[in-house]
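Commentary on secondary and tertiary structure
In case you want the letters, here they are:
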There are 2 protein chains.
Amino acid sequence: MKDFLYYTPTEVVFGKESEKKVAELVLKYGGHKVLVHYGGKSAKKSGLLDEVCDCLQKGGIDFVTLGGVVPNPRLSLVHQGIDIVRREKIDFLLAVGGGSVIDSAKAIAYGAVYDGEVWDFYTGKASPKDCMPVACVLTIPAAGSEMSESSVITNEDGDIKLGYSNDICRPKFAIMNPERTFTLPPYQTAAGVTDIMMHTMERYFSHDDDMTLTDNIAEAILRTMKESVHAVLENPTDYRNRAQNMWGGSLAHNGLTGCGLTGDWATHQIEHELSAMFDATHGAGLAVIWLSWAKYVYKENISRFVKFAVNVMDVPNDFTDPEGTALKGIERMRTFYRSIGMPTTIHELIGREITDEEIQEMARKCTLNDTVPQGNFKVLRAEDIVQIYRMAR
Amino acid sequence: MKDFLYYTPTEVVFGKESEKKVAELVLKYGGHKVLVHYGGKSAKKSGLLDEVCDCLQKGGIDFVTLGGVVPNPRLSLVHQGIDIVRREKIDFLLAVGGGSVIDSAKAIAYGAVYDGEVWDFYTGKASPKDCMPVACVLTIPAAGSEMSESSVITNEDGDIKLGYSNDICRPKFAIMNPERTFTLPPYQTAAGVTDIMMHTMERYFSHDDDMTLTDNIAEAILRTMKESVHAVLENPTDYRNRAQNMWGGSLAHNGLTGCGLTGDWATHQIEHELSAMFDATHGAGLAVIWLSWAKYVYKENISRFVKFAVNVMDVPNDFTDPEGTALKGIERMRTFYRSIGMPTTIHELIGREITDEEIQEMARKCTLNDTVPQGNFKVLRAEDIVQIYRMAR
């Protein structure tokens, strides 16, 4: 079993009308002048943004707003945010939205207290010593950024999407009201749950197979997500299952599902190239890539895939044919993805055939010209990743 | 589903040789002069206390030691600790031991920064505004105090055992090295796991039955603990299963297993009187009381007990006889407790017949003269608690 650190300091305030506590929480964590960061129409249209700003105003907290975060959040907006924070003497960042908004806020939080270029943290050229306080009002269960130490930013200059992780950016508080997710469209709902499940699966597919406690918790989360996503697709205002998705999203990525395990993360890395190049929805891209990744790597540890098939996908265990059982688990995952409206090929994801040149380019970028292999379950070179993209066509 | 708060700021450093990081962690959390608080022989005999003190010394951190914490930790030692903290200008409390030592440290941490009597927090006469930083090197997986907000202290003046909970006392860090639990005797090992399981079960037996995610995680923890305690009783140096017990102890009581649920806690309250009056081992007392409590209350929500029987105790579900299935679950728990050497009657626990006068006195104390009922699954008056003690004789 691997030694581990577990650190989840974020105060979670979960439930109906929890957004009404936003001013009180900002004050508790030392905020006096807030940058309210958000995305596009939905935060405005739903009235949430106005409610949050109202609440801050009534609480006597000064604020400035910065909208316009898009999925695969852009470095250029991060730079704008840094300028505003400095100019307006902001001391607290409040993200109102989903993972992209929170990730963008984290990047601003790193950059605003750093003299150099914030992108250097993402490329590994520099390490932050400090970070402004970040918190969020979550509207999309998916990325898990509301409790996590990670942030993923896309540099438009070259379509490079890179993640950076550091405990110092973990949000101070996360407000989660499942009612605020009632209006999430089916595709975003399903892509979100796919991302949630993948955060668990990236850790679950590990060669450390002696931490049964973590495995059992991971399987509990995966089984619950599978059920609850079907329930909310049938009835978008099902509070109970929206709540399960929302809380599952945080637990899947706050570190809990990785205690004692190595983790793989190749599916995420391989997908990042797809969403950077085609601006595809991250969760949907994960569905496509995981199926292909799983078929490419399952022989590395068939028993792990058998465990997944039996304990998560409810495949009857054929003890005489472990490989068959493992493969049935992967096939059942394909059926599940289809049942929630996720694509299972790159063609379905991007709406056209992908070319071999594009595949080669993505594989090169993903491995920094074959200098940085990806994954742990099976360590993948550029040529492996080319195969995985091809199998996903 | 109940709204909930989830706040677990404790930095967990888990694994082999993790105690070597103690000085670095004390400095990280602002400690300069430490009170090292511990229990009796075992911390000394094992060499752990010396190693911790050595590490502090090498890290340039001044410290004072205070040993002598006993199970059901005493208020008198808390008072001594408060005096030392003030006299020696201590700014950090480090507990080296199990739940009793951590609970005692938390009480010192409240009391040292309060002008009045610390016991007033436990009786509800006053509320703390502040608390000194507390951290721990854990040696006994059981109480969960290493990540929890609670502390239980016994006032020898009247054998009154009371708990107090407040987020401000959650430890800054918890060092957990499963190897340090190898020497734990079988009775303490089993009583510890009984306590761990009960922290989950107190929350699980709830009338809120719509938070499947929390239920599934709770069941995952319970099933893992059941298996791992047998493994470590067979082989005390089984690192993997000692680790699962240790981490399970933290997860069972850091709040995770209660998200969205009301919780009951009657078994703990009823047991507290037993261990206060007879100085019984808390975990062993819980085994005795839970069986009796379960038989007394199961009709309040038979389906919940059926779920427990089937999903945790592996009872085949007899769909034609829910009550029979529920009762089989309770009986299988009795068999489990016996299999790990836990008592299942008060006679076995305290070594003699309990008198009806003693029962009446405990029930009176437990309900503050029948003014404060206990529990939520079924709200229990003094007369109910008398019945539960009698059924447990």
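Residues numbered from 1 in each chain as written. Chains lettered and ligands numbered in written order. Predicted model: local features only at pLDDT ≥ 70, side-chain atom pairs only at ≥ 80, totals over all residues.

1. Quick look at the overall build of chain A
Scanning chain A for helices and strands turns up 16 helices and 8 strands. Projected onto its principal axes, the C-alpha coordinates of chain A cover approximately 70 × 45 × 45 Å. In chain A, which comprises 393 residues, the proportion classed as buried is 57%. For chain A, the proportion of contacts with a sequence separation of at least 24, taken over those separated by at least 6, is 76%. (Helix = DSSP H or I, 4+ residues; strand = E, 2+ residues; numbered from the N terminus. Buried ≥ 20, exposed ≤ 12 C-beta atoms within 10 Å, placed from the backbone. Contact = placed C-beta atoms within 7 Å.)

2. Observations regarding the relation of the copies chain A and chain B
Superposition of chain A onto chain B requires a rotation of 180° combined with a translation of 0.0 Å along the rotation axis, giving an RMSD of 0.0 Å. Read as a symmetry element, the transformation amounts to a two-fold axis. Scanning chain A for the C-alpha nearest the rotation axis identifies Pro9 of chain A, at a separation of 1.9 Å. Take the interface residues of chain A: 100% of them recur as interface residues in chain B, which is what a same-surface contact looks like. (Least-squares fit on C-alpha atoms with pLDDT ≥ 70 in both.)

3. Re the domain arrangement of chain A
All names here are of chain A. Here the domain parsing of chain A yields domain 1 (11-180) and domain 2 (184-391). Each of domain 1 and domain 2 has a C-alpha centre, and the two are 26 Å apart. For the side of domain 1 that touches domain 2, the elements supplying multiple residues, two or more each, are strand S1 (4-14) and strand S7 (160-165). Looking at the side of domain 1 that touches domain 2 residue by residue, the classes come out as 11 nonpolar, 4 polar and 4 charged. (Domains from an automatic or database assignment. Nonpolar A, V, L, I, M, F, W, Y, C, P; charged D, E, K, R; others polar.)

4. Thoughts on the interface of chain A and chain B
Between chain A and chain B, the contact holds 30 residues from the first and 30 residues from the second. Where the side of chain A that touches chain B is concerned, the elements lending two or more residues are S1, helix H8 (212-234) and helix H9 (239-253) of chain A. The leading source of residues in the side of chain A that touches chain B is S1 of chain A, at 10 residues. Here the residues of the side of chain A that touches chain B are counted per class, giving 16 nonpolar, 8 polar and 6 charged.

5. Side note on the environment of Ser165 of chain A
All names here are of chain A. Relative to the helices and strands, Ser165 resides in strand S7. In this structure Ser165 comes out as partly exposed when scored by C-beta crowding, with 13 C-beta atoms within 10 Å. Measuring from C-alpha to C-alpha, the distance between Ser165 and Gly260 comes to 18 Å, with 95 residues separating the pair along the chain. Residues in contact with Ser165, not counting those within four places in the same chain, are Glu149 and Ser150.

6. Describing the sheet that holds strand S4 (residues 92-97) of chain A
Hydrogen bonds between backbone atoms are what pair the strands of a sheet, whose relative direction is either parallel or antiparallel. Sheet architecture is open: 12 strands sit in the order S3(A)-S2(A)-S4(A)-S5(A)-S8(A)-S1(A)-S1(B)-S8(B)-S5(B)-S4(B)-S2(B)-S3(B), paired in mixed fashion. The outermost strands of the open sheet, each flanked by one partner alone, are strand S3 (62-66) of chain A together with strand S3 (62-66) of chain B. Adjacent strand axes in the sheet meet at a mean angle of 25° when their direction is disregarded. Summarising the sheet, strand S4 (residues 92-97) of chain B and strand S5 (residues 134-138) of chain B pair through 5 bridges and their orientation is parallel. Within S5 of chain B, the residue paired with Gly97 of chain B across the bridge is Leu138 of chain B. Packing against the sheet, helix H5 (residues 99-111) of chain A makes contact with strand S2 (33-38), S4 and strand S5 (134-138) of chain A, and its axis sits at approximately 165° to S4 of chain A. (Pairing = 2+ DSSP bridges. Axes fitted to C-alpha atoms, helices over the stretch in contact; angles between N-to-C directions.)

7. Describing the packing of helix H7 (residues 186-204) of chain A against H9 of chain A
Residue and element names in this part refer to chain A. At a minimum axis distance of 8 Å, the contact between H7 and H9 shows a crossing angle of 30°. As judged from the angle between their axes, H7 and H9 are roughly parallel. Crossing hand, H7 versus H9: left-handed. Two secondary-structure elements touch here, H7 through Gly192, Val193, Ile196, His199 and Thr200 and H9 through Asn245, Gly248, Gly249, Ala252 and His253. (Parallel < 35°, antiparallel > 145°, perpendicular 65-115°, else oblique. Left-handed = near helix turned anticlockwise from the far one by under 90°.)

8. Points about the nonpolar core
Core analysis: the largest hydrophobic core is formed by 268 residues, its most contacted members being Leu94 of chain A together with Leu94 of chain B. With sequence-adjacent residues up to four places away left out, Leu94 of chain B is seen in contact with Val26, Val34, Leu35, Val36, His37, Ala135 and Cys136 of chain B. (Core = buried A, V, L, I, M, F, W, Y, C linked by C-beta atoms within 7 Å.)

9. Observations regarding helix H13 (residues 322-339) of chain B
Residues and elements named next belong to chain B. Along its 18 residues, H13 runs 26 Å from first to last C-alpha, staying within 8% of the 26 Å computed at 1.5 Å per residue. Restricting attention to buried positions, one finds in H13 the residues Thr325, Ala326, Lys328, Gly329, Ile330, Met333 and Tyr337. The inward-facing, buried residues of H13 contact helix H7 (186-204), helix H11 (282-297) and helix H12 (302-311). Gly341, located one to two residues past H13, shows a positive phi value of around 85°. (Expected span 1.5 Å × (residues − 1).)

10. Points about the pairing of S5 of chain B
Residue and element names in this part refer to chain B. For S5, the buried fraction is high: 5 of the 5 residues fall into the buried class. Side-chain alternation along S5 places Val134, Cys136 and Leu138 on one buried face and Ala135 and Val137 on a second face that is also buried. Judged from the 3 bridges that link them, S5 and strand S8 (residues 173-176) form a sheet pairing that is parallel. Bridge pairing links Val137 to Ile175 in S8.

11. Remarks on unusual backbone geometry
Residue and element names in this part refer to chain A. One non-glycine residue, Lys89, lies in the positive phi region at around 55°. If you trace the backbone, Lys89 turns up in the loop between helix H4 (75-88) and S4. For Lys89, a count of 10 C-beta atoms within 10 Å gives the class exposed. One non-glycine residue, Asp279, lies in the positive phi region at around 50°. Take Asp279: it is sitting in the loop between helix H10 (266-278) and helix H11 (282-297).

12. Quick word on the environment of Ile330 of chain B
All names here are of chain B. Checked against the element boundaries, Ile330 lands in helix H13. Its 20 C-beta neighbours within 10 Å are what place Ile330 among the buried residues. C-alpha separation for the pair Ile330 and Ser292, spaced 38 residues apart in sequence, amounts to 9.3 Å. With residues near it in sequence (within four places) discarded, Ile330 still touches Leu291, Ala294, Lys295 and Tyr298.

13. Description of helix H15 (residues 356-366) of chain A
Because an α-helix packs 3.6 residues into every turn, residues spaced three or four apart end up facing the same way. Residue and element names in this part refer to chain A. Within H15, the full set of buried residues consists of Ile359, Met362, Ala363, Lys365 and Cys366. For H15, the arc enclosing every buried residue in end-on projection is 165°, short of the 170-degree limit, so these residues lie on one face. Projecting away from the buried face of H15 at angles above 90 degrees are the exposed residues Asp356 and Glu357. Structurally, H15 contributes buried residues whose contacts are with H10 and helix H16 (382-391). Positioned one or two residues after H15, Leu368 has a phi angle of 45°, which is positive. (Arc of directions from axis to C-beta.)

14. As for the packing of H11 of chain B against helix H16 (residues 382-391) of chain B
Residues and elements named next belong to chain B. Two elements in contact, H11 and H16, have axes separated by 8 Å at closest approach and are oriented at 125°. One finds that H11 runs oblique with respect to H16. Considering the relative orientation of H11 and H16, their crossing is right-handed. In contact with Ile289, Ser292, Trp293, Lys295 and Tyr296 of H11, H16 contributes Gln387, Ile388 and Met391. For the contact of H11 with H16, the per-class residue count stands at 5 nonpolar, 2 polar and 1 charged.

15. What about the environment of Ala43 of chain A?
Residues and elements named next belong to chain A. Positionally, Ala43 belongs in helix H2 (residues 41-45). According to the C-beta neighbour criterion, Ala43 is buried, with 25 such atoms within 10 Å. It is 6.9 Å that separates the C-alpha atoms of Ala43 and Gly97, two residues lying 54 residues apart in sequence. Beyond its immediate sequence surroundings of up to four residues, Ala43 is in contact with Tyr38, Leu48, Leu49, Val96, Gly97 and Thr139.

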